[in-house]
Amino acid sequence: MMSLMNALPGAVAQGLIWGIMAIGVYLTFRILDIADLTVDGSLGTGGAVCIMLMLTGHSVWVSMAGAILAGMAAGFATGILHTFMGIPAILAGILTQLGLYSINLKIMGKANQAINVDKYDLLVSLRFIRNVAFHKNTIFVVAVMIVLVIAILYWFFGTELGCSLRATGCNDKMARAQGINTDFCRVLGLMVSNGLVALAGALLTQYQGFADINMGRGAIVIGLAAVIIGEAIFGRIFRNFGFRLLGVVFGSIIYYLVLQIVIWMGIDTDLLKLLSAVVVAIFLAIPTWKGRYFSTTGKKGVRCDVRG
Amino acid sequence: MLEVKNISKTFNQGTVNEKKALKNLSLTLHDGDFVTVIGGNGAGKSTLLNAVAGVWPVDAGQILIGGKDVTKLPEYKRAAFLGRVFQDPMNGTAATMGIEENLALALRRGKSRTLKAGIKNSERDLYSAWLKRLSLGLEERLTSKVGLLSGGQRQALTLLMATLQRPQLLLLDEHTAALDPKTAKKVLDLTAEIVEEQKLTTLMITHNMKDAIQMGNRLIMMHEGNVIYDVAGEEKKKLTVEDLLHKFEEASGEEFANDRMILAK
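Reading the values: rules and limits
Once a new chain begins, its residue numbering starts again from 1 and follows that chain's sequence as written. Numbering of ligands from 1 and lettering of chains from A proceed in the order in which they are written. Restriction of local features to residues with pLDDT of at least 70 applies here, the model being predicted, together with a cutoff of 80 or more for giving and counting side-chain atom pairs; totals for whole chains, interfaces and linings are based on all residues. Note that water and hydrogens are dropped before the side-chain values are worked out from all heavy atoms of the structure. By definition, any uninterrupted DSSP run of H or I lasting at least four residues is a helix, any uninterrupted run of E lasting at least two residues is a strand, and each is numbered from the N terminus. In this setup the radius of gyration rests on C-alpha atoms only. A globule is expected at 2.2 Å times the number of residues raised to 0.38. Whether a residue is buried, partly exposed or exposed follows from its accessible area with a 1.4 Å probe, protein chains only, as a fraction of its type maximum: under 20%, in between, or over 50%, in that order. Working definition of accessibility: Shrake-Rupley area with a 1.4 Å probe, residue cover restricted to the visible protein chains. Neither His nor the chain termini are counted; the positive set is Lys and Arg, and the negative set is Asp and Glu. Charge positions come from single atoms, namely NZ of Lys, CZ of Arg, CG of Asp or CD of Glu. Each axis is a line fitted through C-alpha atoms, and for a helix only the stretch in contact is used; angles between axes span 0 to 180 degrees, taken between their N-to-C directions. When describing relative orientation, an angle under 35 degrees is termed roughly parallel and one over 145 degrees roughly antiparallel, while 65 to 115 degrees is termed roughly perpendicular and anything else oblique. Left-handed is the label given to a crossing in which the near helix is rotated counterclockwise from the far helix by less than a right angle, and right-handed is the label when the rotation is clockwise. Contacts: residue pairs with any heavy atoms within 4.5 Å of one another. Classes in brief: Ala, Val, Leu, Ile, Met, Phe, Trp, Tyr, Cys and Pro nonpolar; Asp, Glu, Lys and Arg charged; the others, Gly included, polar. Buried residues of nine kinds, namely Ala, Val, Leu, Ile, Met, Phe, Trp, Tyr and Cys, make up a nonpolar core once their side-chain atoms join them within 4.5 Å.

Visitor: Quick one: what's the story with the overall build of chain A, residue by residue and with numbers?
Guide: Per the secondary structure count, chain A includes 11 helices and two strands. Across chain A, helices and strands are ordered from the amino to the carboxyl terminus as α-α-α-α-β-α-α-α-α-β-α-α-α. Whereas a compact globule of 308 residues would reach a radius of gyration of roughly 19 Å, chain A reaches 19 Å, a difference of no more than 12%. Per-residue burial over chain A gives 53% buried out of 308 residues. Roughly 14300 Å² of accessible area belongs to chain A as shown, and the carbon and sulfur atoms make up 68% of that amount. The centroid of the 22 positive side-chain charges in chain A is displaced by 6 Å from the centroid of its 13 negative side-chain charges.

Quick look at the structure:
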């Protein structure tokens, strides 16, 4: 029991970091109505750019800014593949993600890079969970960043531009009829989303003290799990957009807490990803099942482009 | 106001499903013209409206709105000149956004979207005043999600959104076809009222021949991608549904065998 208790703060810290990533997934999955698989690559890109900038003597802030920009570039690539080149969103994301594997390798020069917390001035770390000043505690630092991120997003999605992004995701036919450049909105949304994912990658790299070429594998599933758990538990309480994003972060924390408990109970850790995939698959199926077996009014708005 | 010059559009070119939807069609609307469009299924009515709206590029021809050549402009840029209401009430509004948010999107049609607030407080009075005319009680529900409204309410809201910023041309694509008769009448009355008030140039597709005769100052009948009958003024006012059926047979050499049309007598 003691070992579980000791592991929980770390799980919360990881949950918070992945919470930023999950907010990014929420933006594409829920607001733009796109399942963006770029994140599996851009998370690693964020980590790789951050660690290499730090190792070459840049400050942690510059390094994280660099990571965000790199993530936005990845989102831009997917956006162009999807809009300008007309490739379906899922495939566009997969293509970018695959390309990023090589790019991440080139950025790091090899499959992984480590950074020493004693020699570099990291913002967050495994070591900053216990026995550090409160303001240096990773949980506190990441929590503050999340509040900032949510505040900025809350403001942005209330602006004219943010509203047109939401309209694009909700009903792009209507959006174009109201003069909104839906292609531009999609690209912009993908950039913002992947910028956040890369920021999470940069934080995760510092937290674990290394960047690895495989660190983003399955990231989309973790992000979706956080979104779904957050909505399932807090969806009825949190109506406001800002609180919904907070719900997603809570979802991510819960995911990591449950994961930690499952590990403590002695499950074969090789099976963890399978478990995540199954849980997410079931939760994604719930709306369909509800509509099929329990529906009285389950009619969704028509989205297809009918000519007639 | 609207000049359509020799436009053609073929869907699925080179396949077994090839469909010549518009064949060298020309049409000119004068300022303040309210034109009703009728024709059988597949006559090209919706295709004509979509061509004007720029949903896809036309294969040939030219489209001018208010003297400006818009043939090469993408849909979202043409929106600056156009107000549009679709057949499906779900298509014209954003369901997950509030009533006032939808109106705010419409108020900014044709303007660049900046980082300024999406809705200004001062706009809310304007929206309330506009919504009151619908007498649907929507002015009390400014922040309600549009997805909670009925089809008729959404269609009325879409009509309001299309005309919130006076459009140079109003495109109505069977906008009452999916509504029950009572609601359809209400939306149609509102249409006539707004068009009259703002002196809008309007192109309205309908399957209801009576509506086509009663509304507007001009009527065109389409068949196989072209205009086969074009009537305006006094002559139009005197038309009867029988006249139209007869005209159709005369012009197309076919019987007007369309259930919806016949039922609409």
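Visitor: Please provide a residue-by-residue account of the packing of helix H4 (residues 121–133) of chain B against helix H5 (residues 151–164) of chain B, values included.
Guide: Each pair of packed helices can be described by the angle between their axes along with the distance between the axes. Residues and elements named next belong to chain B. Packing of H4 against H5 brings their axes to within 11 Å, and their N-to-C directions diverge by 130°. Relative to H5, the element H4 is oriented oblique. Considering the relative orientation of H4 and H5, their crossing is right-handed. Counted together, Tyr127, Trp130 and Leu131 of H4 and Leu157, Leu160, Thr163 and Leu164 of H5 form the full contact between these two elements. Among the residues making up the contact of H4 with H5, the classes are represented as six nonpolar, one polar and no charged.

Visitor: An account of the nonpolar core is needed here, citing residue identities and associated values.
Guide: Judged by nonpolar contacts, the single largest core of 121 residues is most densely connected at Met21(A), Met64(A), Leu203(A), Leu103(B) and Leu131(B). Looking at this core, the element that brings in the most residues is helix H1 (residues 2–31) of chain A, giving 14 residues. Those residues in contact with Leu131(B) that sit more than four places away from it in its chain are Ile99(B), Leu103(B), Leu138(B), Glu139(B), Leu142(B), Leu157(B) and Leu160(B). Within the second largest apolar cluster, 30 residues are counted, among which are Ala43(B), Val58(B), Ile65(B) and Phe81(B).

Visitor: Run through the environment of Gln87(B), naming residues and quoting values.
Guide: Along the chain, Gln87(B) turns up in the loop between strand S6 (82–85) and helix H3 (99–107). With 114 residues separating them in the primary sequence, Gln87(B) and Thr201(B) have C-alpha atoms 19 Å apart.

Worth remembering: the numbers are spatial, not functional.
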